[in-house]
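Coordinates in review
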Amino acid sequence: MAVCFSTLVGRLWYLQIHEYDFYAQRAAGQQLRDSVVPAPRGDILDANGAPLAVSASCWTIRAVPREMADEDVAEASAALARILELNEADVLEKLGQRKSNDALLKRRVDQATADAVRGACLENDWQGILILQDTRRWYPEGDFAASLLGFTNVDNQGVAGLELEYNSLLTGQDGRVLSAKNAWGYDMPTDYDTYIQPVQGNSLQLTVDVNVQHYLENYLSMAVKEHSVTARGVGIVMEVDTGRILAIATKPDYDPNEPRVIQDEAVRAQVDALTGEERTQALTLAQQTQWRNKAVSDLYEPGSVFKLITCAAALDAGVATTSDSFFCGESYGVAGVHFHCANHKQHGVQNLAQALQNSCNQSFIQIGQRLGKEAFCDYFAAFGLREATGIDLPAEPKKSEFYTADRMGPVELASCSFGQSSKITPIQVITAVSAIVNGGKLMQPYVVEQVVNAQGDVVQKNEPTVKRQVISEEASATMRQLMQSVVLEGGGRNAYVAGYAVGGKSGTSQKLDSEDEDARVASFVGVAPIDDPRIAVLIVLDEPHSYTTSGGALAAPVVAGIIENTLEYYDTPRRYTEAEQEQMQAVVPDQTGKNTELAVQQLQESGFAAKTRGSGDDVVTQYPAGGQTLPRGSTVLLYTEEGLELLATQVPAVDGQSLTHVQAEMQAAGLNLLAVGAVQSENAVAVNQSMAAGESAAMGTAVTVVFQDPTIPPDGDDVKPE
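As the structure is a computational prediction, the values presented were derived from the model and not from experiment.

A cluster of acidic residues, E515, D516, E517 and D518, forms a negative patch at the surface. Structurally, the position occupied by D518 is in the loop between β19 (503–510) and β20 (520–528).

See below:
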């Protein structure tokens, strides 16, 4: 008895003490079901609080096959397959694994589907079907700001964009439900449940403004389509004094709600035409391409836009002044290599402003030689062009491609001086240009203003940060004047905006690493108001196929449209010159309810023409309505009887026509004209209209027509040395 008792005590000690953790865990597994309650990710909001990415409730359907009665398996499989839109054989196979404790049936179903599953289980008394609340990421604006926001995977983890960069802060703390089970493995009443509340992740409030983002995406998408841009377009709007990014886009992009669907129809058709491994590889490449944020991740040769940096460095170093002269002949020889300007243009003797206006390669080679390779490389680094900007977005290259002074010969210095032979990112370009115009301060770019927790407390805040002083305020002031002259008198005339002083520079660079020798990158950077800079806008069109590849012709009008809309949105007052005042716009006065004769008189005094319809004495309604802004001389229709329908007309086709001809066409159709773009140029022609030709519109409707000057010369860097 002593031996037996000692053996029993020893065995109990071994089980209860030595093996305690093992058996306690097994007991808990038999007595409890531990279900995770996923925490919603934090929201992503624009600068005004508009939601760009939110978490929506959904449900995941799982099964515990061992808890389901044998006689219920077949019937449950058929019903669940029908409700969840699954293959019945697959569901039957999962439920038929009688020893399994977990089988995933379907993720992220909506409430109606979850209710249907719940109703079927209650009606038939099926055990072992779990309906677990879950969350899914939802992007209310679809493909809006996709390359900025990124997306999440099936596990709600960030894969790209802000979702990836701020994943740890956006991810919440999951909750749990501990449910008790009886000896047969069935759930006990909910009184035995323990619920641990999930905690939502932190939310991001951005510097990006949805309105400015809409302006950027609309104009950029239009340019990409109009000019058949095959390698996508890039746009950035930056606040020059702070480094805040007001808008950033790559087009075409994708819908983050369905990120694996190829949005570009032509690319999708090419992928779908393939089969097997070839299709798999092509699909992966297409997906990776559309997810890539070119504005931050892709290096490119900036072309003549870079001449702003060479010019600013030379002014700051004191090796060039606005009164200096430069000569542009048939070619300019450097160490046996001959450089010339685009189309072998010979500009002759020029001052610094004219060299920038004409985007003269030969002049900027001479400026680079005055600067010298050591100083050139020092300024290149000072402008932040050697390393990443540090913007709070993923996949920014750590280094750009450039020559150091010890590897730079006279030919390399020459080509680098006018924008070739170095590769940098668009975000580096606009950050450097902002430093040129804001008094010489290189700012830290950023897209997240602050991080806020679920209780509304700010847990992280980004502030404008000056990285260093690059050039003097005097050099910056001179550069602003030179950049304005490019828009008023040089190759940037298509960026002109009436009432807003705009400065900028165009660029057209050859893609030297492309198999296509004709591949070009057309770009333009604009700053406004240039006399008191607020915003910088950069547009890059990678491989356009249009009537030209000139950045001044293709990208400058896009910049003009974005600048005009953005400054109007921020209530920046226009300051018109005398010439502009003749075509100045005015607000249409509201004449509703007034005597017809008095209404006509007041409209004429405000600079508008008036037409009446009806025989009444008072104005019942008018079109366009009061409060709208139209060019002086526009026509307002006054309706003096109730029930009269608005007179309709058809929009004429004006593509390729001059401003004078377009004005006559619109007037004949009874429409008002809003002319934007290079309207000050006598060579301007219409290239786009806001309403399609033949479309029906109410008389008096204002139709926006974009004008470009096709005679603007090439940007100067689209050449190969000989």
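Still more to cover.
Attention now moves to the packing of helix α13 (residues 307–317) against helix α18 (residues 426–437). Look at α13 against α18: their axes get within 10 Å of each other, and the N-to-C directions meet at 35 degrees. The element α13 and its partner α18 pack so that their crossing is left-handed. For the pair α13 and α18, contact is made by L308, I309 and A312 and by A432, V433 and I436, respectively. Classifying every residue of the contact of α13 with α18 by side-chain character gives six nonpolar, no polar and no charged.

A few words now on the pattern of salt bridges. Inspection of the entire model under this criterion finds 23 salt bridges. One salt bridge connects K251 with D253, and the closest N-O pair in it is separated by 3.3 Å. The same class applies to K251 as to D253, namely buried. Its salt-bridge partner being D298, residue R292 comes within 2.4 Å of it at the nearest N-O pair. On the basis of relative accessibility, which here comes to 39%, the residue R292 falls in the partly exposed class.

A word on the packing of α18 against helix α19 (residues 473–489). Relative placement of two packed helices is described by the angle separating their axes and the distance separating the axes. Packing of α18 against α19 brings their axes to within 7 Å, and their N-to-C directions diverge by 110 degrees. If you check the angle between α18 and α19, you find them roughly perpendicular. Touching V433, A435, I436 and V437 of α18 are S476, M479, R480 and M483, all from α19. Of the residues that constitute the contact of α18 with α19, the class distribution is six nonpolar, one polar and one charged.

Before going further, it helps to spend a moment on a nonpolar patch on the surface. A surface patch of nonpolar side chains, about 330 Å² in accessible area, is lined by W13, Y14 and I17. Mapped onto the elements of the fold, Y14 is located in helix α1 (residues 2–18). For Y14, a relative accessible area of 34% corresponds to the partly exposed category.

Now for the nonpolar core. The biggest cluster of nonpolar side chains holds 93 residues, and the ones touching the most others in it are L162 and F383. In this view, F383 contacts I309, A312, A432, A435, I436, L442, V470 and I471; residues no more than four positions away in its chain are not counted. Among the nonpolar cores identified, the runner-up in size contains 50 residues, and L220, A223, V559 and V703 belong to it.

Moving on: the sheet that holds β20. With respect to topology, five strands assemble into an open sheet ordered β10-β9-β21-β20-β19, the strand pairing being antiparallel. Whereas interior strands pair on both sides, the edge strands pair on one side only; in this sheet they are β10 (245–251) and β19. Direction aside, neighbouring strands of the sheet carry axes that sit 10 degrees apart on average. Strands in contact with α18 are β9 (233–239), β10, β20 and β21 (535–542); relative to β9, the strand with the most contacts, it is inclined by about 35 degrees.

Our focus in this paragraph is helix α21 (residues 556–569). Its 14 residues give α21 an end-to-end C-alpha distance of 20 Å, which sits within 8% of 20 Å, the value for a rise of 1.5 Å per residue. Burial of α21 is extensive: eleven of the 14 residues sit out of reach of the surface. Residues of α21 that are buried include every one of A556, P557, V558, V559, A560, G561, I562, I563, E564, T566 and L567, and no others. Of the residues flanking the end of α21, it is D571, one or two places downstream, whose phi is positive at about 55 degrees.

Let us look at unusual backbone geometry. The step from K251 to P252 runs through a cis peptide bond, and the omega angle for that step is -10 degrees. One can find P252 in the loop between β10 and α10 (265–272). Here Y623 and P624 are connected by a cis peptide whose omega angle stands at 0 degrees. Mapped onto the fold, P624 is located in the loop between β24 (621–623) and β25 (629–631). In the Ramachandran plot, A145 falls in the positive-phi region, its phi being about 55 degrees despite a non-glycine side chain. Looking at where A145 falls in the secondary structure, it is placed in the loop between β5 (129–138) and α6 (146–149). The exposure class of A145 is buried, given its relative accessible area of 1%. Non-glycine residue A335 carries a positive phi angle of around 50 degrees.

Checked against the element boundaries, D134 lands in strand β5. Of the side chains with opposite charge, R108 comes closest to the buried, unpaired D134, at an N-O distance of 4.8 Å. Polar side-chain contacts of D134 include one of 3.1 Å to the side chain of T60. Discounting chain neighbours no more than four positions away, the residues touching D134 are P38, A56, S57, C58, W59 and T60.

Here the focus is the sheet that holds strand β28 (residues 672–677). Taken in spatial order, the three strands of this open sheet run β28-β31-β29, and their pairing is mixed. Each edge of the open sheet is held by one strand with a lone partner, namely β28 and β29 (685–689). For this sheet, the mean angle separating the axes of adjacent strands, direction not counted, is 40 degrees. As defined by bridge partners, β28 adjoins strand β31 (residues 702–708) across six bridges and the pair is classed as parallel. Within β31, the position partnered with A675 by the bridge is V705.

The next subject is the pairing of β9. Most of β9 is tucked away, with seven of its seven residues classed as buried. Burial along β9 is two-sided: the face carrying G233, G235, V237 and E239 and the face carrying V234, I236 and M238 are both buried. Two strands pair when backbone bridges link them, and β9 and β10 are joined in this way by six bridges, in the antiparallel orientation. Of the residues in β10, the one forming a bridge with V237 is A247. Counting the residues that bridge the hairpin from β9 to β10 gives five residues, and of these G243 lies at a positive phi of roughly 85 degrees.

Turning next to the state of the cysteines. Put plainly, two cysteines are in a disulfide when a covalent bond ties their sulfur atoms together. Throughout the structure, instances matching the rule amount to zero disulfides. Counting only cysteine sulfurs, C121 is the nearest neighbor of C58, a cysteine outside any disulfide, at a range of 18 Å. You can call C121 buried: its relative accessible area is 9%.

About the thresholds
- Residues numbered from 1 in each chain as written.
- Predicted model: local features only at pLDDT ≥ 70, side-chain atom pairs only at ≥ 80, totals over all residues.
- Heavy atoms only, no water.
- Patch = residues over 30% accessible without salt bridge, like charges linked within 9 Å, V, L, I, M, F, W, Y side chains within 5 Å.
- Areas by Shrake-Rupley, 256 points an atom, 1.4 Å probe, with all protein chains shown as cover.
- Salt bridge = Lys/Arg side-chain N within 4 Å of Asp/Glu carboxyl O.
- Lys, Arg positive; Asp, Glu negative; His and termini not counted.
- Charge placed at Lys NZ, Arg CZ, Asp CG, Glu CD.
- Helix = DSSP H or I, 4+ residues; strand = E, 2+ residues; numbered from the N terminus.
- Axes fitted to C-alpha atoms, helices over the stretch in contact; angles between N-to-C directions.
- Left-handed = near helix turned anticlockwise from the far one by under 90°.
- Contact = heavy atoms within 4.5 Å.
- Nonpolar A, V, L, I, M, F, W, Y, C, P; charged D, E, K, R; others polar.
- Buried < 20%, exposed > 50% of the residue type's maximum accessible area, 1.4 Å probe, protein only.
- Parallel < 35°, antiparallel > 145°, perpendicular 65-115°, else oblique.
- Core = buried A, V, L, I, M, F, W, Y, C linked by side-chain atoms within 4.5 Å.
- Pairing = 2+ DSSP bridges.
- Expected span 1.5 Å × (residues − 1).
- Polar contact = N/O pair within 3.5 Å; in protein donor to acceptor, adjacent residues only side chain to side chain.
- Disulfide = S-S within 2.5 Å.

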